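Notes for the structure review
If you want the building blocks of each chain, they are given just below.
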Amino acid sequence: MIIIGERINGMFKDIGLAIREHDPKPLQEWAVKQKEGGASYLDVNTGPNSEDQTIDLPWMVNVVKEVSDLPLAIDTTNYDAMEAALIAYGKPGALINSIGCEQEKIDRVFPMAAKYQADVVCLCINKVGIPKSADDRVAMAMEFVANAEAYGLQPDNLFIDPIILPVNVAQEHGVEALETIRQIKMISNPPPKTTVGLSNISQKSPHRPLINRTFAIMAMTAGLDSAICDANDEALVDAIATARLILNQDIYCDSYAKVFRQR
């Protein structure tokens, strides 16, 4: 279970201010804190208020690299800024976050992924919107896989996101997302990886941490490989570590939660 730390995002007030002032300290503090919490990747996202993402996003990449060796999930739909950030990253292993299932976006991003040896988050959404059924989501996943092979990428270079919506307004989508994750594991060999933006499930609901934690464990039993989430939610990380143990993905030891954070 790959935890992608969500906190270095301009939507948060402290990070948004740091980006505007090009103050590296808050970004670097969160990079260190999220690694200590159990993150395996760090998401970097300027948020909506950047005046020039082609400048701000590479700057974010560079300042985070100064204090962390974790791979970065570079989070933008501005693909010129994405390429500038990949150049700043300067090594294989980044995660491009993200593209929808639209051919013009695939044709722009997949060659970039191959060139810079990056993986790609692929969203089960197109110009029509988010499909309700698992079957329609899986059909999009199959389109991504077919295109990946055409561009020299492997299926497991893809992180398919079935898209989860808030349970308080789209309760029926949760079970379809879980079924999508199950089916994605059967569409190729090797199969694509799967991911979710975990906090989406609980937006504007009470008891958000409980909803996030419960869905994460349910999705892991369906085959979920990763989640963009709060790496410093100790109860969430402990639950993920425990689920890995029960699913026989980690060897038991009394300090298994500590070991999970130190991977």
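Cut-offs used in this document
- Residues numbered from 1 in each chain as written.
- Predicted model: local features only at pLDDT ≥ 70, side-chain atom pairs only at ≥ 80, totals over all residues.
- Heavy atoms only, no water.
- Pairing = 2+ DSSP bridges.
- Helix = DSSP H or I, 4+ residues; strand = E, 2+ residues; numbered from the N terminus.
- Contact = heavy atoms within 4.5 Å.
- Axes fitted to C-alpha atoms, helices over the stretch in contact; angles between N-to-C directions.
- Core = buried A, V, L, I, M, F, W, Y, C linked by side-chain atoms within 4.5 Å.
- Buried < 20%, exposed > 50% of the residue type's maximum accessible area, 1.4 Å probe, protein only.
- Right-handed = clockwise from strand over helix to strand, strands pointing away.
- Phe/Tyr/Trp six-rings, centres within 6.5 Å; stacked < 30°, edge-to-face > 60°.
- Salt bridge = Lys/Arg side-chain N within 4 Å of Asp/Glu carboxyl O.

In the nomenclature of an unreviewed UniProt entry, the chain corresponds to 5-methyltetrahydrofolate:corrinoid/iron-sulfur protein co-methyltransferase from the organism Sporomusa silvacetica DSM 10669.

**Structural notes on the sheet that holds strand β4 (residues 95-99)**
The parallel open sheet is built from eight strands, whose spatial order is β7-β6-β5-β4-β3-β2-β1-β8. Of all the strands in the sheet, the pair left with one neighbour each is β7 (193-194) and β8 (226-229). Pairing of strand β5 (residues 119-123) with strand β6 (residues 158-161) involves four bridges; the strand directions are parallel. The residue of β6 that forms the bridge with V121 is F159. Across the sheet, helix α6 (residues 134-150) touches β4, β5 and β6, and the angle it forms with β6 is around 165 degrees.

**Here we look at the nonpolar core**
Counting residues in hydrophobic clusters, the biggest one holds 73 residues, and the most contacted among them are I74 and F110. A per-element tally of this core places helix α4 (residues 79-89) first, with seven residues. I74 has contacts with V44, L57, V61, M82, A85, L86, A94, L95, I96 and N97, leaving out every residue within four places of it along the chain. In terms of nonpolar packing, the next biggest core, distinct from the first, is built from ten residues, I2, Y41, A73 and I228 among them.

**Some words on the pairing of strand β3 (residues 72-75)**
Burial along β3 is two-sided: L72 and I74 and A73 and D75, pointing in opposite directions, are all buried. Here strand β2 (residues 41-45) pairs with β3 via three bridges, running parallel. Within β3, the position partnered with V44 by the bridge is I74. Since β2 and β3 lie parallel, the crossover through helix α3 (residues 53-65) that links them has a hand, and here it is right-handed.

**Observations concerning the packing of aromatic side chains**
Any pair of aromatic rings gets described here by the distance separating the centres and the angle formed by the planes. Evaluation of the coordinates by the stated rule reveals three aromatic pairs. Seen from their ring centres, F110 and Y151 are 6.4 Å apart, and the 90 degrees between their planes marks the pair as edge-to-face. Placement of the pair is F110 in helix α5 (residues 103-116) and Y151 in the loop between α6 and β6, with a sequence separation of 41 residues. With a centroid separation of 6.2 Å and an interplanar angle of 45 degrees, the aromatic rings of Y252 and Y256 are classed as tilted. For Y252, a relative accessible area of 53% translates into the label exposed. For Y256, a relative accessible area of 23% gives the class partly exposed.

**Thoughts on the pattern of salt bridges**
Enumeration according to the criterion identifies twelve salt bridges in this entry. K35 is the salt-bridge partner of D69, the closest N and O atoms lying 2.9 Å from each other. In this pair, D69 sits in the loop between α3 and β3 while K35 sits in helix α2 (residues 24-37), placing the two residues 34 residues apart along the sequence. Residue class for D69 comes out exposed when judged on its relative accessible area of 56%. The partner of E102 in a salt bridge is K105, and the shortest N-O contact between them spans 3.6 Å. In this structure K105 comes out as partly exposed when scored by relative accessible area, which is 29%. Sharing partners across several salt bridges, the network here consists of D80, E83, R108 and K115.

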